[in-house]
Amino acid sequence: MAPADHDAVVVGAGAGGAATAWRMTQRGWRVLLLDAGPAFDPDADYGLERSDWEKERFRHKPGSLGEISVAPLQRLDPGLMRELRSWSLGQGPSNREATRAVSGPGYHHVRGIGGSTLHFVGEAHRMNPASMAMKSRFGVAADWPVSYAELEPYYLEVERFLGVAGPLEARDRWRSAPYPLPAHPLSRASRKLGQGASALGFAWDANPRCALSRPYDGRPSCNYCGGCTHGCPRRDKGSADVTFIAKAQASGRCEVRANTTLVRIVRGTGKHTGVIDAIDVVDGTGRRQRIATPRLVLACGAVETPRLLLLERGLAAASGQVGRNFMESVAFTSVGRVDEPLLSFGGLPADAITWQHNRPDAVAGVIGGYRMSAAIHEADMTGAIAHAQRAVPGFGREHKRQMRRAVGSTLAIGAVGESLPHERSKVDLDPRRKDAFGRSLARIHSFVDAATVSRLRAMAASTRGLLAAAGVQTLVEEFGTYDHFSSAHVFGTCRMGADPRTAVVDADLAVHGFEGFHICDASVFPSSGGGEAPSLTIQALALRAVDRMTA
Amino acid sequence: MATPPASNEPEPSAATVRGPALPSRRRAARRLLLAAVALAAADLPALAASPAVDAAAMARTFTVFCDTLVPADALTPAASAFGIADAIRADITGDRLAERLLAAGCSWLDATCAGDFSRADEVARVAACERMQAMPWQSPAGRFFQIMRNTVMAAYYAEPASWRGLALDRPPQPLGFFEAVR
C-alpha cells in the first residue's frame, strides 16, 4: 500500500465532519474531507431573493438528498387521531391512510459540503445535564459516558468559534462564561407568544442561535429575513461550510472533495484487522480510487454511518448494536391566527424558547421532556403560497380578503421531545433497494410506542395551550410525528459507551476494537435529550475526540 | 432544525408561467406536479376510463375554473392574467393520469352547469366549485379540486403582482425584515 497523502480522512462534511476536520488542521494534520453530495454557493443557490422563493424550501441539487428506504410503518389508532392527527384548514387531513405516512423524504437532510447545517435553523443547544443519565435515573436509553462538565469547555469553544448569540440566563445548563454575542431581539410574533408563556408561568427565553447578532469573524449580522431553512445567502448563519470548513481550508491543510462517495472500507489483514488501511471512493466522474489513510473518521449521520458499517461485514459488529437504538424527531406543531399585524414571516426563526418541560421528569407520568419554541418558519407558514394553500380555506374573492388578513398574522409553537430507543426502531440494510453502486440502501424502521404517544399528547396539549394563552382563537394547522415519519434529527445507531458489548464507540468516539477509526456524528448519542438541537453537541464531541486522538 | 416541515402532501408544484424560472427548474416543477397528480390519482379506479373530451371546450372550462378560484378584485388580477391555466395544461400534457384527472374534473364542472361551466354566471360557477370542494377525496371531482386548488394557488402567489395588499410584498432577501423585530 502506498503511503498516505493525508494524516486523516473524514467522510461526511456536515456538523461533525466539518468540526473534526477543522480541529485536525489546528493540530497540524493534513486532512481529506469527503462528501457524497455537492457543494453549495450561498451567493447563487438558495433563491431567497427570487420572486418564486417560496416554491421550494431548500433548493436541493442533484445528489444532495441521499437515497433511503423506510420500512412499512405501523397502523394508526383511530382513537388518537382526534388529538394527534396532522391537518390544515386549507387541505384537510394530511394523512388519509390507516397507517403512519412518510412525510416528504421522511429523513430531512442535506448531503453535501456543510451537510444538514445548510438547511438547519441553527439552534445552538447544550444538552440538559439531567437528560444525560436516562438509564441510571429512569432505566431507559443509556447513560452518556462523557459528562456535561467534560463537554462544557468544548461547548464554549464551539459557541465562540461560531459566534452564538444567546441569553444571559443559563438555567439548567451551567456556563463557565457568557455567550460570545448578545441575544437577538425577539420578533413581534415571539413577543406575542411570550405573553402567552408568561400567562402560563413559563420562562420565555431568547433561544441560543448560531446566527450572528453582531458582525463577527468577518461575517455580517442577520437581517431577519426568516429564511434560515432555505440556506443563508449572507453567511451570518453558522453553517459548517462558512465556518469550520472555510477555516480548515484557509489553513492550507484541508482538501475538500464534493460528490465523492465512499464505496468500501479496507481493513488491515493478519494481525492488523483492528486498523483501517484505506477506503475506496468514486468521484463525480465515476473514477474509482483507493485512498490510504492512517485515520478514518465517519461523520455521515445516524442513518448513513451505520449503513456504511453494516455494508462491511463484521466491521464494528461485535456489539450487535450497529443500527439499533435509532432515535428520531418527536414533534408536534400547532399554527394559529390572530387579528393583529405581526409581520410573523420576518424575524429570526425559533428566536424564543421555553425549557419549562425539558427535564426528563418535567411531566408527571411521562419519561422524557420536551421544549417549545416559536416555530412559524419551521412550520413553513410564512409566505403567500403556504397561507393560500394551507392556512386560508376556500377560494374566490373571500379567500383573497382573508389572505390579506392572514399573511403576517399567523403564529406557531413547535414542541420537540425526547425520543427513546425501542427494539422496533432501527436502521438496517434494505435487501432489495440498492444505490448506483449496487450497495443496499439504509432502511429506517420507525415505531411510535405508548410512551412516545404519552409524550406527544402532552406536547400537543402544551402547544395548543400556549397559543390559546397568547390570544390565538383559531388554529389553522397542526403537524406531528404520530401520523407521520418526519425526522430532521436522528440519533443513536452507533451508541457511545464504555462497554464494547453494548456500545459501538467509546467515550472518545473511537470504534471499539479498532485503532485510528472514529465516528463523529449524532449516531453516537446514547440518548436524544429533551428536544435539544444536536449540532452544538456533535461539534463539541468532535473537538474533544480529536484532542484525545493519539498524535 | 426543531420541527419537521409541515408540507406533507406531495408538494404541488406550481406550474410556473412567467418570471425567472429556468428551464431546469421548470422541468423540476413539472415533475413535482405530475408526481403529485399521479400519486393523488393513482387509487381512483374511475380514472381508468378516459372521458371523451373536446380539447378546446376543456381549455375554456379549466381557464374559467382557475379564475373562479382566483378572480380579479380591486387590488389584484385573476389567475388568467398570469396564464396559469394554460401553463398547467401544458405541463401535464403527455401524462395520461393527469390528463384524465383534468378531463374528469372539467367534465364534472360542465355537467354541473348545464353543459358548459365557462358560460355559466358567477353565482352558478361559485356554487359548482363549492359543491366540488365538498366532494370526498375518493371521488375524481374532489381529488381534482384539491390538487388544482393547490397548484393554482402556488402558481398565482409566486407572481409579485399578486402580493399587492399583503403584508409580505417582497422576497425575503436582500433586504430582510428588520421591521419584524422592532
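Keep in mind the model is a prediction, meaning the values are calculated, not measured. (Residues numbered from 1 in each chain as written. Chains lettered and ligands numbered in written order. Predicted model: local features only at pLDDT ≥ 70, side-chain atom pairs only at ≥ 80, totals over all residues.)

*Asks:* How would you summarise the overall build of chain A if you had to cite specific residues and measurements?
*Replies:* A tally of helices and strands in chain A yields 11 helices and 23 strands. In terms of overall size, chain A behaves like a compact globule, its C-alpha atoms giving a radius of gyration of 22 Å where 551 residues would be expected to give roughly 24 Å. For chain A, the C-alpha atoms occupy an extent of roughly 75 × 50 × 45 Å along the three principal directions. (Helix = DSSP H or I, 4+ residues; strand = E, 2+ residues; numbered from the N terminus. Rg over C-alpha atoms; globule rule 2.2 N^0.38 Å.)

*Asks:* Tell me what's going on with helix H6 (residues 140-156) of chain B, and back it up with residues and numbers.
*Replies:* With 17 residues, H6(B) extends 24 Å between its outermost C-alpha atoms, agreeing within 8% with the 24 Å of an ideal straight helix rising 1.5 Å per residue. Extensive coverage of H6(B) is indicated by the burial of 16 of its 17 residues. (Expected span 1.5 Å × (residues − 1). Buried ≥ 20, exposed ≤ 12 C-beta atoms within 10 Å, placed from the backbone.)

*Asks:* I'd like a rundown of the interface of chain A and chain B, residues and numbers included.
*Replies:* Residue-level contacts link 68 residues of chain A with 46 residues of chain B. Those elements giving two or more residues to the side of chain A that touches chain B turn out to be strand S6 (101-107), strand S15 (330-337), helix H8 (384-391), helix H9 (396-406), strand S18 (410-417), strand S21 (474-480) and strand S22 (484-487) of chain A. Grouping the constituent residues of the side of chain A that touches chain B by class yields 26 nonpolar, 27 polar and 15 charged. (Contact = placed C-beta atoms within 7 Å. Nonpolar A, V, L, I, M, F, W, Y, C, P; charged D, E, K, R; others polar.)

*Asks:* Just give me the short version of the environment of A:Leu73, but keep the residues and values in it.
*Replies:* All names here are of chain A. By the element assignment, Leu73 lies in the loop between strand S3 (69-70) and helix H2 (78-84). Note on Leu73: 20 C-beta atoms within 10 Å, which makes it buried. Along the sequence, Leu73 and Phe485 sit 412 residues apart, while their C-alpha atoms lie 8.2 Å from each other.

*Asks:* Any chance you could break down the packing of helix H3 (residues 84-92) of chain B against H6(B) for me, citing the residues and the numbers?
*Replies:* Residues and elements named next belong to chain B. For the pair H3 and H6, interaxial distance at closest approach is 10 Å and the crossing angle is 120°. Relative to H6, the element H3 is oriented oblique. In terms of crossing hand, the pair formed by H3 and H6 is right-handed. Of the residues in H6, those touching H3 at Ile84, Ala87 and Ile88 are Thr151, Val152, Ala155 and Tyr156. Each residue belonging to the contact of H3 with H6 can be placed in one class, and the counts come to six nonpolar, one polar and no charged. (Axes fitted to C-alpha atoms, helices over the stretch in contact; angles between N-to-C directions. Parallel < 35°, antiparallel > 145°, perpendicular 65-115°, else oblique. Left-handed = near helix turned anticlockwise from the far one by under 90°.)

*Asks:* Run through unusual backbone geometry, naming residues and quoting values.
*Replies:* At the junction of B:Gln173 and B:Pro174, the peptide bond is cis and its omega measures out at 10° in the coordinates. Mapped onto the secondary structure, B:Pro174 falls in the segment after H6. In the Ramachandran plot, A:Asn325 falls in the positive-phi region, its phi being about 65° despite a non-glycine side chain. Checked against the element boundaries, A:Asn325 lands in the loop between helix H7 (301-311) and S15. What makes A:Asn325 buried here is the crowd of 30 C-beta atoms within 10 Å. Unusually for a residue other than glycine, A:Ala350 sits at a positive phi of about 50°. Mapped onto the fold, A:Ala350 is located in the loop between S15 and strand S16 (352-354). Residue classification places A:Ala350 among the buried residues on the basis of 28 C-beta atoms within 10 Å.

*Asks:* Quick rundown of the packing of H8(A) against H6(B)? Include the residues and the values.
*Replies:* At a closest axis distance of 8 Å, the pairing of H8(A) and H6(B) adopts a crossing angle of 160°. Here H8(A) is positioned roughly antiparallel relative to H6(B), judged by the angle of their axes. H6(B) is crossed by H8(A), and the crossing has right-handed handedness. Touching A:Ile385, A:Ala388 and A:Gln389 of H8(A) are B:Asn150, B:Met153 and B:Ala154, all from H6(B). In terms of residue class, the contact of H8(A) with H6(B) is built from four nonpolar, two polar and no charged.

*Asks:* So, the sheet that holds strand S17 (residues 370-374) of chain A: which residues are in play, and what are the values?
*Replies:* All names here are of chain A. Strands sit in the order S5-S4-S21-S15-S18-S17-S16-S9 across an open sheet of eight strands; the sheet is antiparallel. The strands lining the two open edges of the sheet, one partner per strand, are strand S5 (92-93) and strand S9 (205-206). Judged from the six bridges that link them, S15 and S21 form a sheet pairing that is antiparallel. Across the sheet, Val335 pairs through a bridge with Glu477, a residue of S21. This element, H8, spans strand S4 (87-88), S15, S18 and S21 of the sheet and lies at about 95° to S21. (Pairing = 2+ DSSP bridges.)

*Asks:* A description of the nonpolar core should follow, citing residues and the corresponding values.
*Replies:* What tends to happen in soluble globular proteins is that the nonpolar side chains get buried as a cluster. Formed by 211 residues in total, the largest nonpolar core has its most connected members in A:Ala21, A:Val31, B:Ile84 and B:Val152. Of the residues forming this core, the biggest block, 10 residues, is contributed by H6(B). Non-local contacts of A:Ala21, meaning those with residues more than four positions away in its chain, are made with A:Val10, A:Val31, A:Leu33, A:Phe244, A:Ile245, A:Ala248 and A:Cys254. (Core = buried A, V, L, I, M, F, W, Y, C linked by C-beta atoms within 7 Å.)

*Asks:* Run through the pairing of strand S20 (residues 440-445) of chain A, naming residues and quoting values.
*Replies:* Residue and element names in this part refer to chain A. With two bridges connecting them, S3 and S20 associate as parallel partners. For Val70, the partnering residue across the bridge sits in S20 and is Ile444. Note that strand S19 (residues 426-434) and S20 share five bridges and pair antiparallel. The residue of S20 that forms the bridge with Lys426 is His445. Where S19 folds back on S20, the antiparallel hairpin that results is connected by five residues, among which Gly438 adopts a positive phi of roughly 80°.

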